[in-house]
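Close look at the chain arrangement
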Amino acid sequence: MSSGSCGTNTKKQKLHHHHQASLDVNGGSGSASTALLDGVVQKITTPAMGYFCFDTLYSYLNSLEPPKKPDFTNDPFPLFVTWETGVDKKLRGCIGTFNSIALHSGLREYAITSALRDSRFKPISNDELNRLHVTISILLHFEEGRDYNDWEIGVHGIRIEFQNERGMKRTATYLPEVAEEQGWDKIQTIDSLLRKGGYRGHVTPETRRSLKLTRYQSETVSVSFQDYMNHVQTLRC
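Residues numbered from 1 in each chain as written. Predicted model: local features only at pLDDT ≥ 70, side-chain atom pairs only at ≥ 80, totals over all residues. Heavy atoms only, no water.

Here the focus is the overall build of the protein. In terms of helices and strands, the protein carries 6 helices and 10 strands. Counted over contacts in the protein with a minimum sequence separation of 6, partners at least 24 positions apart contribute 73%. Total accessible area computed for the protein in this model is approximately 11200 Å², and 48% of it derives from carbon and sulfur atoms. (Helix = DSSP H or I, 4+ residues; strand = E, 2+ residues; numbered from the N terminus. Contact = heavy atoms within 4.5 Å. Areas by Shrake-Rupley, 256 points an atom, 1.4 Å probe, with all protein chains shown as cover.)

Let us look at the confidence of the model for the protein. For the protein, per-residue confidence averages 86 on the pLDDT scale, and 83% of positions sit at 70 or higher. In this model, residues 10-29 is a region of pLDDT below 50 whose contacts with residues beyond four sequence positions or in other chains number 67 contacts. (pLDDT = per-residue confidence, 0-100.)

Next up on the list: the pairing of strand S5 (residues 76-85). With 9 of 10 residues buried, S5 is to be regarded as a mostly interior element. Both S5 and strand S6 (residues 90-102) contribute to a ladder of 9 bridges, which runs antiparallel. Bridged to Phe77 within S6 is Ile101. Linkage of S5 to S6, two consecutive antiparallel strands, is achieved through a turn of 4 residues, within which Gly86 is found at a positive phi near 80°. Strand direction decides the pairing type here: S5 and strand S7 (residues 132-144), joined by 7 bridges, are antiparallel. Looking across to S7, one finds that Leu79 is bridged to Ile138. (Buried < 20%, exposed > 50% of the residue type's maximum accessible area, 1.4 Å probe, protein only. Pairing = 2+ DSSP bridges.)

Turning our attention to unusual backbone geometry. Positive phi is not limited to glycine here, since Ser63 has a value of about 55°. Along the polypeptide, Ser63 turns up in the loop between helix H1 (47-61) and S5. The backbone of His141 sits at a positive phi, close to 60°, despite the residue not being glycine. Within the fold, His141 resides in strand S7.

Laid out in structure tokens, this is it:
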């Protein structure tokens, strides 16, 4: 499975809220959301991942040496990095991979890629840093759906594979937060995802039945620039 972008670029879109079937952990800087999978809490994310993404982006934009090796786990997982800006947390970039990738190199790569190479947006600039928020989504618990309807809004992210009207294979994904925050039902979500993936024909019930759906869950952590600066000040004390 390959890299891709997540979410929509509409004003309403946000990718930072917690969702059902999750345990929210708030304390100190940043906020973490831990997925509940098979009745077992699996905490992978940590605010340190957000600090590392800010370190990476700051170093890149200012032509500095990249940050040192972080101390959180380097286990491989599929992941997405989402940048948002301002009080209303407007989406500024979101790119990730469905391939399992070591977290140290993966977050280093996608912190930059999502900030500078999301084709829906202009690259993030240095003067935007103080308005940014970053969310890391670790993707877990992949399952093949029986059909396009075999997933739960607010719990599952979905990835679809389909053939467009010219017979070419296309894929698209939405993270678990998207459908709930947009206020979509399942059909609206699937139809929007088809359009996002480049389907231009008339969407019929047969179009929906013909696609392949994979559902997954995610564990997230969100960190603001202020959280990051508080962390930096703590290290200097």
